[in-house]
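Coordinates in review
This is what each chain is made of:
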Amino acid sequence: MNIEHAVMSGWLILMVRAMQACDVDVQEALAACEIDWEELGDLESRVTLTKLVELLNYASTRAPGRDMRVLMAENFHPSMLHVLGYAMMSAPSLCESLDYIVRYRRIVSSLCNVRLQEVTGGFEFGIRPVRLEQRVVPGLGMREAEVFIASLVKFARDLVSSDLTPLCVYLEAEQPRQAVDPLQEFFGCEIHYGHSYNAVVFRQEHAKRKLLTHNSFLARSHEAMLDEYLARVDKSDLVNLIRCKIYDYLPGSAPAQTEVAEGLGMSLRNLQRRLSEQGTSYKEILEQTRRKLAVKYMGQANLSLGEIGYLVGFSSVTNFNRAFKRWTGLTPGDYRENQVVHHLN
């Protein structure tokens, strides 16, 4: 089963700030990685981990001599984690702040295995691989996990002490060959490379120190908001999984609900039940997915209307025309003509 893991779109804002810091063309980068600019305006939206990895690779190749992981960490702000970030700020201590990530980890990523445990001299926050159907699956890419850990250190420095250094850091990556290690300079502590998972160990005195932004009333309010938010995230993640499966079957023909259920390792009845509980249906998701793709393809002048119909799963141009008019109120030809007129004006 090929599942597209989803993460908070707030990480895109972090990427944008890092790219701006090293003069990488942001809009060009997002377009190259097929990431919708509008996603940056909605922190509750999700972006696939594949797209995030692609964007990080793209930016890294266009910013030689700059370490994007460190740039992202230096530009981190809790608001990028939406309500979760504000809840972390209102927690009594750094340790309890990190515990919010553990409790609400599905908000950070659809498959994120994180753990907070007390160790000798401090508290370890670790990001561990996930076992899924006899396979080891990373909840975050290796470099993305490094960015996450570095961002937590930046968070701690902002709210606990500006000169804070972790007790030590563990990384899955092999030790870099270059003489100057940007992560070593950023963390200011010993890094153990080639570890089985990624982790940062905060000193006991730092982990237990009261945060300057602690507010017990806000903390309780944020927890209620997080519970509501998590319910919405769980809903969107299932929809995202189904949408990704639809993408796998396109173009040419739209997949039947039974095919998608089988591809997700679910029974048809279970899939229908879960969608019904969330107030939607497979037919609705299929329609929304095909409509979004069709409208997107309309902006590509090199594609004929027949080709667009095929790409979104219609073998008949007549059926595509009928569906497109149902979606938009216009025929494909009229819609494209309006686009051209709007562009000229």
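Note: the structure precedes this text.
Notes on the structure in this doc start here. (Residues numbered from 1 in each chain as written. Predicted model: local features only at pLDDT ≥ 70, side-chain atom pairs only at ≥ 80, totals over all residues. Heavy atoms only, no water.)

**Remarks on the overall build of the protein**
Keep this limit in mind: What counts as a helix is a DSSP run of H or I of at least four residues, what counts as a strand is a run of E of at least two, and both are numbered from the N terminus. Burial here depends on accessible area, computed with a 1.4 Å probe over protein chains only, as a share of the maximum for the residue type. Under 20% is buried, over 50% is exposed, and the range in between is partly exposed. Residues count as neighbours in contact if any of their non-hydrogen atoms are within 4.5 Å of one another. Each accessible area is a Shrake-Rupley estimate made with a 1.4 Å probe; only the visible protein chains count as cover when residues are assessed.
Check the secondary structure of the protein and you find 17 helices and 9 strands. Within the span of the protein, comprising 345 residues, buried residues form 49% of the whole. Taking as baseline every contact in the protein between residues at least 6 positions apart, the subset at least 24 positions apart corresponds to 69%. For the protein, the accessible surface area stands at approximately 16,900 Å², while carbon and sulfur atoms represent 48% of it.

**Some points on the packing of helix α6 (residues 94-103) against helix α8 (residues 142-159)**
Inclusion rule: Geometry is summarised by axes, namely lines fitted to C-alpha atoms with helices restricted to the contacting stretch, and by angles between N-to-C directions that run from 0 to 180 degrees. Here a crossing is called left-handed whenever its near helix is offset anticlockwise from the far helix by less than a right angle, and right-handed whenever the offset is clockwise. Throughout, the ten residues Ala, Val, Leu, Ile, Met, Phe, Trp, Tyr, Cys and Pro are labelled nonpolar, Asp, Glu, Lys and Arg are labelled charged, and all others, Gly among them, are labelled polar.
Between α6 and α8, the least distance of the axes is 11 Å, while the angle of their chain directions is 145°. In this structure, α6 meets α8 at a crossing whose hand is right-handed. Contact with α6, carried on its side by L94, S97, L98 and I101, involves F148, L152, F155 and A156 of α8 and no other residues of that element. When grouped by side-chain class, the residues that make up the contact of α6 with α8 number 7 nonpolar, 1 polar and no charged.

**Comments concerning the nonpolar core**
Selection criterion: By nonpolar core we mean a set of buried residues, namely Ala, Val, Leu, Ile, Met, Phe, Trp, Tyr and Cys, connected to one another through side-chain atoms within 4.5 Å.
W11, M19, M68 and F187 are the most contacted members of the largest nonpolar core, which totals 78 residues. With 10 residues, the top contributor of residues to this core is α8. Residues within four places of W11 in sequence aside, it is in contact with L52, M72, L81, V108, V147, F148 and S151.

**A look at the side chain of T289**
Position of T289 among the secondary structure elements: in helix α14 (residues 282-298). Leave out the neighbours within four places in its chain, and T289 touches R243, I246 and Y247.

**Observations regarding the pairing of strand β3 (residues 113-119)**
What counts here: Only strands joined by at least two bridges in the DSSP assignment are considered to pair.
Both β3 and strand β4 (residues 122-128) contribute to a ladder of 7 bridges, which runs antiparallel. Paired with Q117 across the two strands is E124, which belongs to β4. With antiparallel pairing between neighbouring strands as the criterion, β3 and β4 make up a hairpin whose turn holds 2 residues, including G121 at a positive phi of roughly 90°.

**Looking at the environment of Q288**
Structurally, Q288 can be placed in helix α14. Residues Q288 and R243 lie 45 residues apart in sequence; the distance between their C-alpha atoms is 9.2 Å.

**Concerning the packing of aromatic side chains**
Rules: Between the rings of Phe, Tyr and Trp (Trp by its six-membered ring), a pair exists once the centres lie within 6.5 Å; its type follows the angle of the planes, with under 30 degrees stacked, over 60 edge-to-face, and the other angles tilted. The criterion is that NZ of a Lys, or CZ of an Arg, lies within 6 Å of the ring centre and within 35 degrees of the ring normal, and then a charge sits over that ring.
In this structure the tally under the stated criterion is 10 aromatic pairs. Residues F125 and F148 carry aromatic rings whose centres are separated by 6.2 Å and whose planes lie at 85° to one another, so their mutual orientation is edge-to-face. Separated by 23 residues along the polypeptide, F125 in strand β4 and F148 in helix α8 bring together distant segments of the chain. By the burial criterion, F125 is buried, and F148 matches it. One aromatic cluster in this structure is built from F314, F320, F324, W327 and Y335. Lying over the aromatic face of Y197, R128 brings its terminal NZ or CZ to 3.9 Å of the ring centre.

**A closer look at the sheet that holds β4**
Where strands meet in a sheet, backbone hydrogen bonds hold them as pairs that are either parallel or antiparallel. With mixed pairing, the 5 strands of this open sheet are ordered in space as β3-β4-β9-β7-β8. Each end of this open sheet is capped by a strand with a single partner; those strands are β3 and β8 (191-192). Summarising the sheet, β4 and strand β9 (residues 198-203) pair through 6 bridges and their orientation is antiparallel. Paired with F125 across the bridge in β9 is V200. Against the sheet, α6 contacts β3, β4 and β9, and its axis sits at roughly 150° relative to β3. Across the sheet, α8 touches β4 and β9, and the angle it forms with β9 is around 15°.

**Looking at helix α16 (residues 317-328)**
Going by this rule: To estimate the expected span of a helix, count its residues, drop one, and scale the result by 1.5 Å. By definition, the arc is the one covered by directions from the helix axis to the C-beta atoms. Here a polar contact means two N or O atoms within 3.5 Å. Within protein one must be a hydrogen donor candidate and the other an acceptor candidate, and residues neighboring in sequence count only if both atoms are side-chain atoms.
Relative to the 16 Å expected for 12 residues at 1.5 Å per residue, α16 spans 16 Å between its end C-alpha atoms, a close match to the ideal helical length. Within α16, the full set of buried residues consists of F320, A323, F324 and W327. For α16, the angular spread of the buried residues around the axis is 100°, confining them to a single face. For α16, exposure combined with an orientation more than 90 degrees from the buried face picks out R322 and R326. Where α16 begins, the capping side chain belongs to S316, and its oxygen is found 3.3 Å from the backbone nitrogen of T318. Phi for G329, located one or two positions after α16, is positive at around 85°.

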